[in-house]
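Geometric and topological summary
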Amino acid sequence: YGRRHVLSNYLIYLFIMAAMNIFVFNELAKQLINKCRAKNYKLALAESCTGGLISSVITSIPGSSDIFECSFITYSNISKKKILDVSENNLNLYGSVSKEVVIDMINGLRKKTNSDIFLAISGIAGPGGGSINKPEGLVWISYALKNKVLKISKLEFGPIGRDLVREKSTIQSLKFLLSLLGD
């Protein structure tokens, strides 16, 4: 009885947490779509550690095609270089999870798209893959409006697990985009 009860409670907890995340994802994505639509803005993304989750959340909302131009999932260093013109020098000096690389990623988006609002993300979702200087749960995000100074954020979630790093990164990315658009 004990193990089944604990497992049952854990499954209920997971279900509730998943439902809450879906609700948060949908609400933030709806707000983003509405604000972009009101300003007639198009959105472009470059995702690494989230592997398309941000794009998926946004495009799951009806009407997202009004604002969503494109997304590049540049998971490998080769794809970052080929698709977004990320500097090999920056990759070698700073690594793919760095401020310098997300700046290169967003600059690549600016060059290759006709969008008005941009976000680039790279991180270490785990488990593993981290180091003392770049621990599991480290995420760098750059975001900007066209022809405006870009903003950069460093998030440190810690070793909370791959799914949670990706989900929390997605939520924070949507919030950063909304902050660019104001009220």
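Further up the page is the structure itself.
Fair warning: this is a prediction, and the values are worked out from it, not measured in the lab. (Residues numbered from 1 in each chain as written. Predicted model: local features only at pLDDT ≥ 70, side-chain atom pairs only at ≥ 80, totals over all residues. Heavy atoms only, no water.)

Within the element layout of this structure, Leu181 appears in helix 6 (residues 162-181). The spacing of Leu181 and Tyr41 is 140 residues in sequence and 9.7 Å in space, taken between C-alpha atoms. Leu181 has contacts with Leu32, Lys35, Cys36, Lys39, Tyr41, Ile117 and Leu145, leaving out every residue within four places of it along the chain. (Helix = DSSP H or I, 4+ residues; strand = E, 2+ residues; numbered from the N terminus. Contact = heavy atoms within 4.5 Å.)

Before going further, it helps to spend a moment on the nonpolar core. Counting residues in each nonpolar core, the largest one holds 33 residues, and the members touching the most others are Leu32, Leu43 and Ile58. Broken down by secondary-structure element, the contributors of at least two residues to this core are helix 1 (2-39), strand 1 (43-47), helix 2 (53-59), strand 3 (117-123), strand 4 (138-145) and helix 6. In terms of residues, this core owes the most to one element, helix 6, which gives eight residues. Filtering out sequence-adjacent residues up to four positions away, Ile58 remains in contact with Ala29, Leu32, Ile33, Leu43, Leu45, Ser64, Ile67, Phe68 and Leu174. Of all hydrophobic cores here, the second largest spans 19 residues; its members include Val97, Met105, Leu109 and Ala120. (Core = buried A, V, L, I, M, F, W, Y, C linked by side-chain atoms within 4.5 Å. Buried < 20%, exposed > 50% of the residue type's maximum accessible area, 1.4 Å probe, protein only.)

What follows is about the packing of aromatic side chains. Tallied over the full model, the rule gives one aromatic pair. Between Tyr143 and Phe176, the aromatic rings sit 4.5 Å apart at their centres with planes inclined by 5°, giving stacked as the arrangement. Note that Tyr143 is positioned in strand 4 and Phe176 in helix 6, a separation of 33 residues in sequence. Each of the two residues, Tyr143 as well as Phe176, counts as buried. (Phe/Tyr/Trp six-rings, centres within 6.5 Å; stacked < 30°, edge-to-face > 60°.)

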